[in-house]
Amino acid sequence: MTQRLRVALAFAAIWLLYQSAEGLGTRWLHSDAVRNVLMVSSLLAAWPLSRWLGWRGYAAYALAGDGWRRWLPGCLVLAVLAKFVAVAVGLRLGAYAGEPAAGSMAVLANVLPMLLLSTFIPSLAEDILTRGFWYRAAGIRWRSGTLFVLASAAIFVLNHIYRLGEGPLEWLRLFAFGLPYAAVLWRSGSLWAALGLHWGWNLGNGLQDLLLPVSVRDAAGATGLSIAAHLALLAIVLLLPRRAVTGDRRRTAIR
């Protein structure tokens, strides 16, 4: 079996598990339990598939090394802050209207563990599919970081198959989201950095719903603020020096 065929089959397996989580679990069976099992399965399957492609553990997706402590915490906090700043600006501009707080700090302490887990798993699963896999496992020799970032952002849009019917503004929002996530992977060489931004934004959504709930008064304006927040994240990411990556090499040479 050729390496290209292995890559195609590995991607198809992870993609089908990921997409079936919403398609089968949520939309067809209306079961959160099925959705969660399938989403976790996409992450678990990625490990043996990485080894099948000739890498150690999750190294096929740039998840090896110390990126979890070097990049994840700072990127996570940065994205959460970006979410709250976007909402605060939206309140000032009238894109949002404030609502009564949904819970106290005690309530937050109770729900935070589940909120962390429920935002972490799908964020990581999608990061593997739309960024890490194409950065390393696919074996593509990207000519430039710009090309990789644009391609990954486009793949991120296409991966949201259940949102494509919402139209061009939603496509633009997803594409803008994908830019800093892919760029920070390229600059750092670690998918943990991309996960930090992606997970941080999703976590920020949950925290904001609890601590600073709002209703949308101007949908286009709210979308524009989310896009602006991610372009600001992209600008910050582009200030980072490109890190030379020497680790995460293949475990074996597959013929």
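Check the entry above for the structure.
Counting from 1, residues in each chain are numbered in the order their sequence is written. Given that the model is predicted, a residue must reach a pLDDT of at least 70 before its local features are reported, and side-chain atom pairs must reach 80 or more before they are shown or counted; all residues, however, enter totals for whole chains, interfaces and linings. Only heavy atoms go into the side-chain values, all of them from the structure, while hydrogens and water stay out.

Novice: What is the right way to read the packing of helix α7 (residues 168-188) against helix α8 (residues 191-211) from this model?
Specialist: With their axes 7 Å apart at the nearest point, α7 and α8 run at an angle of 155° to one another. The angle between α7 and α8 places the two elements in the roughly antiparallel class. Crossing geometry of α7 relative to α8 is assigned as right-handed. Contacts from F177, P180, Y181, V184, L185 and S188 of α7 reach α8 at L191, A193, A194, L197, H198 and W201. Here an axis means a line fitted to C-alpha atoms, over the contact stretch when the element is a helix, while the angle between two N-to-C directions is reported on a 0 to 180 degree scale. By definition, any uninterrupted DSSP run of H or I lasting at least four residues is a helix, any uninterrupted run of E lasting at least two residues is a strand, and each is numbered from the N terminus. By the definition adopted for this analysis, an angle is roughly parallel if under 35 degrees, roughly antiparallel if over 145, roughly perpendicular if from 65 to 115, and oblique otherwise. Here a crossing is called left-handed whenever its near helix is offset anticlockwise from the far helix by less than a right angle, and right-handed whenever the offset is clockwise. Whether two residues touch is decided by their heavy atoms; if any such pair falls within 4.5 Å, the residues are in contact.

Novice: How should the pattern of salt bridges be read in this particular structure?
Specialist: Pairs can form between side chains of opposite charge once their charged atoms are near each other. Each reported salt bridge corresponds to a side-chain nitrogen of Lys or Arg within 4 Å of a carboxyl oxygen of Asp or Glu. This structure, assessed with the given rule, holds six salt bridges. Between E22 and R27 there is a salt bridge; the shortest N-O distance is 3.1 Å. Relative accessible area serves as the criterion here: at 30%, E22 is assigned to the partly exposed category. For R27, a relative accessible area of 45% corresponds to the partly exposed category. Residues R131 and D127 are paired through a salt bridge, measuring 2.7 Å at the closest nitrogen-oxygen approach. With R131 and D127 both in helix α5 (residues 105-137) and four residues apart, the pair spans about one turn of that helix. Here R131 matches D127 in class, with each residue buried. By sharing partners, the salt bridges in this structure join D66, R69 and R70 into a single network. Remark: exposure states derive from per-residue accessible area (1.4 Å probe, protein chains only) relative to the maximum for the residue type, with buried under 20%, exposed over 50%, and partly exposed in between.

Novice: Explain helix α1 (residues 3-28) here, please?
Specialist: Residues spaced three or four apart along an α-helix point in a common direction, a consequence of the helix completing one turn every 3.6 residues. Over its 26 residues, α1 runs 35 Å from end to end, which matches the ideal 38 Å to within 8%, given 1.5 Å per residue. By the burial criterion, the buried members of α1 are Q3, R6, V7, A10, F11, I14, Y18, Q19, S20, A21, G23 and G25. Contacts from the buried residues of α1 go to α2 (32-52), α5 and α6 (145-159). With its phi angle positive at about 55°, H30 sits one or two positions after the end of α1. How far a helix is expected to stretch is found by multiplying one less than its residue total by 1.5 Å.

Novice: Explanation requested: the packing of α7 against helix α9 (residues 219-237) in the structure shown.
Specialist: The description of two helices packed together rests on the angle between their axes and the distance between the axes. It is at 9 Å that the axes of α7 and α9 come closest, and there the two elements cross at 15°. Accordingly, the angle class assigned to the pair α7 and α9 is roughly parallel. By crossing handedness, the relation of α7 to α9 is classed as left-handed. On α9, the residues touching L169, L172, R173, A176, F177, L179, P180, Y181, A183, V184 and R187 of α7 are A220, T223, S226, I227, H230, L231, L233, L234 and V237. Residues are grouped as follows: Ala, Val, Leu, Ile, Met, Phe, Trp, Tyr, Cys and Pro are nonpolar; Asp, Glu, Lys and Arg are charged; every other residue, Gly included, is polar. Tallied by class, the residues present in the contact of α7 with α9 amount to 15 nonpolar, three polar and two charged.

Novice: I tried to follow a nonpolar patch on the surface on my own but got confused; where do I start?
Specialist: Exposure above 30% relative accessible area and the lack of any salt bridge qualify a residue for a patch; like charges then connect within 9 Å, and the nonpolar side chains Val, Leu, Ile, Met, Phe, Trp and Tyr within 5 Å. Accessible areas in this description were obtained via Shrake-Rupley with a 1.4 Å probe; residue shielding takes into account the shown protein chains only. Residues M1, L5, L9 and W52 make up a contiguous nonpolar surface patch of about 370 Å² in total accessible area. Secondary-structure assignment places W52 in helix α2.

Novice: Sorry, what's going on with the side chain of S123 here?
Specialist: By the secondary structure assignment, S123 is in helix α5. On the accessibility criterion, S123 (0% relative accessible area) is buried. In contact with S123, not counting residues within four places along its chain, are L195, H198, W199 and N202.

Novice: Is there a simple way to explain the packing of aromatic side chains in this structure?
Specialist: For any pair of aromatic rings, the description rests on two quantities: the centre-to-centre distance and the angle between the ring planes. Two aromatic rings from Phe, Tyr or Trp, using only the six-membered ring of Trp, form a pair when their centres are within 6.5 Å; if the ring planes differ by under 30 degrees the pair is stacked, by over 60 it is edge-to-face, and anything between is tilted. Per the counting criterion, the structure on display carries 12 aromatic pairs. Between F120 and W199 the ring centres are 4.9 Å apart and the planes differ by 70°, which places this aromatic pair in the edge-to-face class. Of the two residues, F120 sits in helix α5 while W199 sits in helix α8, which places them 79 residues apart along the sequence. Taken together, the ring pairs connect F11, Y58, Y61, F133 and W134 into an aromatic cluster. For R173, the ring lying beneath its charged end belongs to F177, and the centroid distance is 4.8 Å. Cation placement over rings: the criterion is NZ of Lys or CZ of Arg within 6 Å of the ring centroid and within 35° of the ring normal.

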